[in-house]
Amino acid sequence: MRTVRKIGRWFLGIVIVAIAAFAGGLYLSPPELLRVASGYSAKIVCSNVFIAGREADQVLKLDVQAPGHWLLRYIDASVDRDAKTVTASLLGVFGRSFAVARDGFGCTLVPDGRLDAVATVPTLDPAPAASDALWPEGKAVQPSQDPSLARILNDPTLIGPQMRAVVVVKNGRIVAERYGDGFAAETPLLGWSMTKSVNAAIVGTLVKTGKLSLDQKHLLGAWKRDGRSDISLADLMAMSSGLAFNEDYGAVSDVTRMLYLEPDMAGFAADKPLVNEIGKVFSYSSGTASIISRIWQNAAGTEALSWPKKTLFDPIGMTSAVLEPDERGTFAGSSYLYATARDWARFGLFILRKGVWNRQEILPTGFVDWMHEEAPASNGRYGKGEVWLKGPGDGTPAGQDPDAGFGLPDDTFWFQGHDGQSVAVIPSKDLVVVRMGLTPAVLHYRPQGLVAAVMKALE
């Protein structure tokens, strides 16, 4: 009996040592997938607490854990409101990631944990007071109570699951809007990859000043000794740079590594090799957008961090907009712009009006037309300036047109973002339709039905 007990204690001791060793290894060298999960959690919670004013527990539950990878269900997040930091980790211990909030710049993920080494940001001037011309055609915005529009915005099949905001702008006026539970006209919402279209407009402001040109090459010093020096700014914006980049969000890929493991997002993307002939292959890449941010910030020089606010957001009254930088101080032009649904609609209207706002030309003549010209390598899917020529294709069989059967005009183009963010712009109808939500692609929701129904109701 004593021998059995000794063996049992010996076995239990081995198990305890093994568990301790595993836990120690997990603590000292957490797997990259765990660090991606905790980094994502810290960043999302931080931005929604300090920009959108939401409760951390709600954000962790609804935005992080409910729709995401199974590992996210075991991530905890703690908020220090005095220090303006968020810490996230597995079970409160393993794979810690940190994010820090700064006034006017939202939250920055700090993958290396060096909070004291995060790039300094300037103090931004307060947003100007709302002018009499909130919209081009008048002072106030009072959405209509048109019963046909109300029925559309109350139809769950049209607005889609987990809708957070819908705003409809017709002839320069908001004519309808609807918000999901817990959200309102004042709630800033993450546009994800719709940020790329705003990033393109920022490039346009620098083209207008002569600080950049679309055919410019020799863009980065690191590229000067190889074939990457022949990549033009236009190639990058059309997603045909030829650079390697894996845009798979399912695991540890180039895009998740860039967003959640790399302190220098643009540097990581710029280090990728050429794998295709420049200008000949369409390859959608958030890394490309990060490189573009670095390029236009280099061109803007000492004004780089205040440039978006000074040259774009303030002039069009997009006062809720917050574009977030990475640890090195480069804006995440691929993914991280927060704005209210009304301000996303404002940006859509600005682009519909060809970069002119209240008779002030903010983008160069012809730039917006160029943005939604077909990118030659995209097979009709993408514009030259980071806009989509086809609506979201979630659930569309391979090779089929995602817009088929909806009756949308040929001049329709889109800003699109992860988890169901979209802005449809239809110049021929003077119409902008914003739809924001938390709607994973697996649900196969497409906003084309909403846009088509709204368009017909307004005819």
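Report on the accompanying structure. (Residues numbered from 1 in each chain as written. Predicted model: local features only at pLDDT ≥ 70, side-chain atom pairs only at ≥ 80, totals over all residues. Heavy atoms only, no water.)

Another aspect to go through is the sheet that holds strand β4 (residues 106-110). Read from one edge to the other, the open sheet built from 4 strands follows the order β1-β2-β3-β4, with strand pairing classed as antiparallel. Two strands in the sheet have a free side with no partner beyond their single neighbour: β1 (75-80) and β4. Averaged over all adjacent pairs, the angle separating strand axes in this sheet is 20°, with direction ignored. Pairing of strand β2 (residues 85-90) with strand β3 (residues 94-102) involves 5 bridges; the strand directions are antiparallel. Looking at the pairing, Leu90 lines up with Phe94 of β3. (Pairing = 2+ DSSP bridges. Helix = DSSP H or I, 4+ residues; strand = E, 2+ residues; numbered from the N terminus. Axes fitted to C-alpha atoms, helices over the stretch in contact; angles between N-to-C directions.)

Next up on the list: the sheet that holds strand β6 (residues 173-179). As summarised here, the arrangement of the 5 strands in space is β6-β5-β14-β13-β12, forming an open sheet in which the pairing is antiparallel. Each end of this open sheet is capped by a strand with a single partner; those strands are β6 and β12 (413-417). Strand-to-strand twist of the sheet, defined as the mean angle between neighbouring strand axes without regard to direction, takes the value 10°. Two strands pair when backbone bridges link them, and β12 and strand β13 (residues 421-426) are joined in this way by 5 bridges, in the antiparallel orientation. Across the sheet, the residue bridging to Gln416 is Ser422, located in β13.

Before going further, it helps to spend a moment on the environment of Val118. Residue position: Val118 is located in the loop between β4 and α4 (147-153). Spatially, the C-alpha atoms of Val118 and Glu327 are 5.1 Å apart, while their sequence positions differ by 209 residues. Apart from residues no more than four positions distant in its own chain, Val118 is found in contact with Val100, Arg102, Thr108, Val110 and Glu327. (Contact = heavy atoms within 4.5 Å.)

Among the 8 residues in strand β5 (residues 163-170), 8 count as buried, and that is most of the element. In the sheet, β5 pairs with strand β14 (residues 431-437) via 7 bridges, with the strands oriented antiparallel. Looking across to β14, one finds that Val169 is bridged to Val432. In this structure, β5 lies alongside β6, joined through 6 bridges in antiparallel fashion. Each residue of the ladder has a partner; that of Val169, found in β6, is Ile174. Taking the residues between adjacent antiparallel strands as the criterion, β5 and β6 are bridged by 2 residues, where Asn171 takes a positive phi near 55°. (Buried < 20%, exposed > 50% of the residue type's maximum accessible area, 1.4 Å probe, protein only.)

Take helix α12 (residues 341-352) next. Compared with an ideal rise of 1.5 Å per residue, which puts 12 residues at 16 Å, α12 spans 16 Å between its outermost C-alpha atoms and is within 8% of the ideal. Where burial is concerned, most of α12 is hidden: 11 out of the 12 residues are buried. Listed in full, the buried residues belonging to α12 are Ala341, Asp343, Trp344, Ala345, Arg346, Phe347, Gly348, Leu349, Phe350, Ile351 and Leu352. Once α12 finishes, Lys354 follows within two positions and takes phi at roughly 60°, a positive value. (Expected span 1.5 Å × (residues − 1).)

Quick look at the packing of aromatic side chains now. Summed over the entire model, instances satisfying the criterion amount to 14 aromatic pairs. Ring geometry for Trp192 and Tyr336: centres 6.0 Å apart, planes at 50°, overall tilted. With Trp192 in the loop between β7 (189-190) and α6 (195-209) and Tyr336 in the loop between β8 (322-323) and β9 (337-339), the pair connects residues that are 144 residues apart, well separated along the chain. For the pair Trp192 and Tyr336, a shared accessibility class is recorded, and that class is buried. Aromatic pair Phe347 and Phe415: ring centres 5.3 Å apart, planes at 45°, arrangement tilted. Taken together, the residues span a long stretch of sequence, with Phe347 in helix α12 and Phe415 in strand β12 at a distance of 68 residues. Summarising the burial analysis for this pair, Phe347 and Phe415 share the class buried. Taken together, Phe282, Tyr284, Tyr382 and Trp388 form an aromatic cluster joined through their ring pairs. The positively charged end of Lys43 is found above the aromatic ring belonging to Tyr336, 3.9 Å away from the centroid. (Phe/Tyr/Trp six-rings, centres within 6.5 Å; stacked < 30°, edge-to-face > 60°. Lys NZ or Arg CZ within 6 Å of the ring centre and 35° of its normal.)

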